[in-house]
Amino acid sequence: NGELSVLCANREFFQALKTRDIERMSDIWHKGDHSCCIHQAQRPVHGHQPVMESWEHIFRNARQKDVGCELQSVVIRDNIGRVVVTNEKANSVITNFFELTPQGWKLWCHQAGTITHVKPSTALGA
């Protein structure tokens, strides 16, 4: 099942994040120049090596956060899989894009953002 395989790859990303394991993190990432990482409130980082350097910096300097997943959605189109995860306790949303390679699903784009809680009466479309 493609969706299950993408969700397993996404779980591997979160395990690497939770354990601050840079080798494990590197293994899940696509090695290509098209890799892109947008950490919360940061500028985009492009290319495998700069992306790994950004994770090393985070693992060394950031305080541990709750990295659990509460809600997930997954979509697959051809050889691209997208997973959106929210974590209400951390007020965050994460979008991960994976590419199916001969080595399995590899993360090539990660973006983390903050969820701003909006009163229903001020939400779009209300």
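Residues numbered from 1 in each chain as written. Predicted model: local features only at pLDDT ≥ 70, side-chain atom pairs only at ≥ 80, totals over all residues. Heavy atoms only, no water.

A. Quick look at the overall build of the protein chain. Within the protein chain, the secondary structure is distributed over three helices and six strands. Beginning at the N terminus, the succession of helices and strands in the protein chain can be written as α-α-β-β-α-β-β-β-β. The proportion of buried residues among the 126 residues of the protein chain is 37%. Relative to all contacts within the protein chain whose residues are 6 or more apart in sequence, the contacts with residues 24 or more apart total 44%. (Helix = DSSP H or I, 4+ residues; strand = E, 2+ residues; numbered from the N terminus. Buried < 20%, exposed > 50% of the residue type's maximum accessible area, 1.4 Å probe, protein only. Contact = heavy atoms within 4.5 Å.)

B. How the structure looks around the side chain of Ser54. As for its placement among the helices and strands, Ser54 is situated in helix H3 (residues 48-61). For Ser54, a relative accessible area of 13% translates into the label buried. Apart from the residues within four sequence positions on either side, Ser54 is in contact with His39 and Val45.

C. Quick look at the nonpolar core. Residues Phe13, Leu17, Met25, Trp29, Val51, Trp55 and Phe98 are the most contacted members of the largest nonpolar core, which totals 23 residues. Counting only elements with at least two residues in this core, the list comes to helix H1 (2-19), helix H2 (22-28), H3, strand E4 (80-87), strand E5 (92-101) and strand E6 (104-114). In terms of residue count, the dominant contributor to this core is H1 (six residues). (Core = buried A, V, L, I, M, F, W, Y, C linked by side-chain atoms within 4.5 Å.)

D. Quick peek at the confidence of the model for the protein chain. Per-chain confidence: the protein chain averages 87 in pLDDT, with 86% of residues scoring 70 or above. Predicted confidence is poor over residues 120-126, with pLDDT under 50, and the contacts of this stretch with residues over four places away or in other chains come to three contacts. (pLDDT = per-residue confidence, 0-100.)

E. Local environment of the packing of aromatic side chains. For the structure on display, the rule yields four aromatic pairs. Ring plane angle 45 degrees and centroid distance 5.9 Å describe the contact between Trp55 and Phe59, whose orientation is recorded as tilted. Here the residue Trp55 and the residue Phe59 both occupy positions in helix H3, the gap between them amounting to four residues, near one helical turn. Phe59 matches Trp55 in its accessibility class, with the two residues each being buried. Members of the aromatic cluster, joined through ring pairs, are Phe13, Phe14, Trp55 and Phe59. (Phe/Tyr/Trp six-rings, centres within 6.5 Å; stacked < 30°, edge-to-face > 60°.)

F. Local environment of the side chain of Thr101. In this fold, Thr101 is placed in strand E5. With a relative accessible area of 14%, Thr101 lands in the buried category. Among the polar contacts made by the side chain of Thr101, one reaches the main-chain carbonyl oxygen of Gly104 at a distance of 2.7 Å. Sequence-distant contacts of Thr101, defined by excluding residues within four places in its chain, comprise His30 and Lys106. (Polar contact = N/O pair within 3.5 Å; in protein donor to acceptor, adjacent residues only side chain to side chain.)

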